[in-house]
Amino acid sequence: MFNKNSQIFVAPMAGITDKPFRKIVRQFAPDVSMVTEMISCHSLVEGHKNCIRNFDNYDDEGNIGAQIFGAEPDLMGQAAKILQDSGAKWIDINMGCPVPKVATRAGAGAFLMKDHVLAGRIIESCVKSVQIPVSVKTRLGWDEEHKDWRDLVRIAAESGAAFVTIHGRTRAQGYSGKSVLPMKPDLPLPIIANGDIKSVEDIEDVQQLGYDGAMIGRGMLGQPWIFGRFCGLCRKPKNIGVTVLNHLDYMIEYYGVKVAIPMFRKHVAWYSAGLPNSAQFRIKVNQITDESELRQAIKDFWLVD
Ligand SMILES: Cc1cc2nc3c(=O)[nH]c(=O)nc-3n(C[C@H](O)[C@H](O)[C@H](O)COP(=O)(O)O)c2cc1C
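Now for a description of the structure that goes with this document.

Each value, and the rule that gives it
- Residues numbered from 1 in each chain as written.
- Predicted model: local features only at pLDDT ≥ 70, side-chain atom pairs only at ≥ 80, totals over all residues.
- Heavy atoms only, no water.
- Helix = DSSP H or I, 4+ residues; strand = E, 2+ residues; numbered from the N terminus.
- Rg over C-alpha atoms; globule rule 2.2 N^0.38 Å.
- Contact = heavy atoms within 4.5 Å.
- Axes fitted to C-alpha atoms, helices over the stretch in contact; angles between N-to-C directions.
- Parallel < 35°, antiparallel > 145°, perpendicular 65-115°, else oblique.
- Nonpolar A, V, L, I, M, F, W, Y, C, P; charged D, E, K, R; others polar.
- Core = buried A, V, L, I, M, F, W, Y, C linked by side-chain atoms within 4.5 Å.
- Buried < 20%, exposed > 50% of the residue type's maximum accessible area, 1.4 Å probe, protein only.
- Pairing = 2+ DSSP bridges.
- Right-handed = clockwise from strand over helix to strand, strands pointing away.
- Phe/Tyr/Trp six-rings, centres within 6.5 Å; stacked < 30°, edge-to-face > 60°.
- Lys NZ or Arg CZ within 6 Å of the ring centre and 35° of its normal.
- Polar contact = N/O pair within 3.5 Å; in protein donor to acceptor, adjacent residues only side chain to side chain.

**Brief notes about the overall build of the protein chain**
Working step 1: The number of helices and strands found in the protein chain is 12 helices and 9 strands.
Working step 2: The C-alpha radius of gyration of the protein chain comes to 19 Å, within 12% of the 19 Å expected for a compact globule of 305 residues.
Working step 3: Intrachain contacts of the protein chain at a sequence separation of at least 6 include 70% that bridge at least 24 residues.

Structure follows, in C-alpha cells:
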C-alpha cells in the first residue's frame, strides 16, 4: 500500500462529492486527499459564486483540491485564484469530462485532449494565478485511435502542473468497458491512477504498475468508510444506519430539507444495495418527503435505536 494516506484520492464526482459527502468520508479517513465536484470557471468568475451550489469555503476541509472546468485560459486563472482564496489546497483542472455540455459545446473537459496547445495555455494561466499546486485530471485519449495522454502529461509538466490523474478509459468509452492502465511510462510528473479501483488489491495493483497514487470513484458509493481501510485505519461504522443518518443531517444542514431529501435518495439506494429487503426499502424511501418519516425508515431498516 502507499505509505502516505494523501496518496489515496476521493474522485471528483458531480452530484456526489459535495460538502456533506466529504464530511462523512473525513470521519473515516482524516488524511485522504479529496477533489470537489467540478465547478464552471464562468460561474465562479462571472459573479455567480454566491449562488452556485457547490462553491464552498474549504478552510476546514483538510487536504482538498477544488476542480474547475472551462476553455478560456484567463477565466480559468481567475477561477483558480478564487478557489485558492476560498481555502483550496490545490487546483485540479478537468480535462476528462465526456459530457457533451462540457466536452463538445463548451470546448472544455475531454475536448482539451484534442487541443493540447489550449490545454497548455489553460494550465499555465492557472499556475501563474495561484501559489498552490495545479493538477490535471484526464483520460487515455479522445478515442481508441488517439491515446495520446503521454503527450498531454509532458505538456502539463512544461506548463507547470504538479501532477496528473489518469482515468484508464478514453472519452469515447465514457464510463463503460474496463479501465485499463499500462505500466506507468517514464513521465516527468507523478501520476495518480483512476478507474475501477475498488479494493486494497486494486490499489496494490496500480502501485505495482508504478503509479504514485490511487483515486477511487464509483467504488466509494454507499461505502464511504472504505477510505478507512484504504488509509490503513480500519475505521468502519458500528452501525451503517448511524452513518446514513449522519449523512442525512449534513445534507439537510447544507441544502435544506426540501432539496436534501430527494437528493439523498440515491445515497440511500447505494447504502442499502445488496442488503435484504433493500428493493422494498428503496421504493418506500423514494416516496417519502417528510424528514422525520425518512429518519424513522432509516432507523427501522438498519435497526438503529
Ligand atoms: C456521476 C459521476 C460524476 C462525475 N463527476 C466528475 C467530475 O465532476 N469531475 C471529474 O473530473 N470526473 C468526474 N467523474 C469521473 C470520476 O471522477 C472518475 O474519473 C470515473 O468515475 C472513473 O473512476 P471509477 O471507475 O473509480 O468510478 C464523474 C463520474 C461519475 C460516474
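Next comes the rest of the account.
**Side note on the packing of helix 11 (residues 278–285) against helix 12 (residues 291–302)**
Working step 1: Axis separation between helix 11 and helix 12 bottoms out at 11 Å; the angle between their running directions is 170 degrees. Considering the angle they form, helix 11 stands roughly antiparallel to helix 12. Taking contact as the criterion, the partners of S278, F281, K284 and V285 in helix 11 are, on helix 12, L294, A297, I298, F301 and W302.
Working step 2: Taken together, the residues of the contact of helix 11 with helix 12 sort by class into 7 nonpolar, 1 polar and 1 charged.

**Remarks on the nonpolar core**
Working step 1: Among the nonpolar cores identified, the biggest contains 75 residues, and I8, V32, I68, L83, I216 and F227 are the most heavily contacted of them.
Working step 2: Setting aside its immediate chain neighbours within four residues, I68 contacts I39, L44, M76, A79, A80, L83, I91, D92, I93, N94 and C126.
Working step 3: One finds I24, F28, I288 and I298 within the second-largest nonpolar core, a separate group that totals 25 residues.

**Focus: the pairing of strand 7 (residues 163–170)**
Working step 1: Within strand 7, 8 of the 8 residues are buried, leaving the element largely enclosed by the surrounding structure.
Working step 2: Where strand 6 (residues 134–141) meets strand 7, 6 bridges bridge the pair, whose relative direction is parallel. Its bridge partner being in strand 7, K137 is matched across the sheet by T165.
Working step 3: Following the chain from strand 6 across helix 6 (residues 149–158) to the adjacent parallel strand 7, one finds a crossover that is right-handed.
Working step 4: Across 4 bridges, the pairing between strand 7 and strand 8 (residues 191–194) is parallel. Along strand 8, the bridge assignment pairs I166 with A193.

**Description of the packing of aromatic side chains**
Working step 1: Throughout the structure, instances matching the rule amount to 10 aromatic pairs.
Working step 2: Their ring planes at 50 degrees and their centres at 5.8 Å tell us that F9 and F163 sit as a pair that is tilted. Placement of F9 in strand 1 (residues 8–10) and of F163 in strand 7 is noted, with a sequence separation of 154 residues between them.
Working step 3: For F9, a relative accessible area of 6% corresponds to the buried category.
Working step 4: When the ring of F301 is compared with that of W302, the centres are 4.8 Å apart and the planes differ by 85 degrees; the resulting orientation is edge-to-face. Here F301 matches W302 in class, with each residue buried.
Working step 5: Directly above the aromatic system of Y175 lies the positively charged group of R139, at a separation of 5.1 Å from the ring centroid.

**Quick look at helix 1 (residues 19–28)**
Working step 1: Of all the 10 residues making up helix 1, 8 are buried; the element is thus mostly covered by neighbouring parts of the structure.
Working step 2: Listed in full, the buried residues belonging to helix 1 are K19, P20, F21, R22, I24, V25, R26 and F28.
Working step 3: Contact partners of the buried residues in helix 1: strand 1, strand 2 (33–35), strand 4 (64–69), helix 8 (226–230), helix 9 (240–255) and helix 10 (257–272).
Working step 4: If you check the start of helix 1, you find a side-chain oxygen 3.1 Å away from the backbone N of F21, and it comes from D18.

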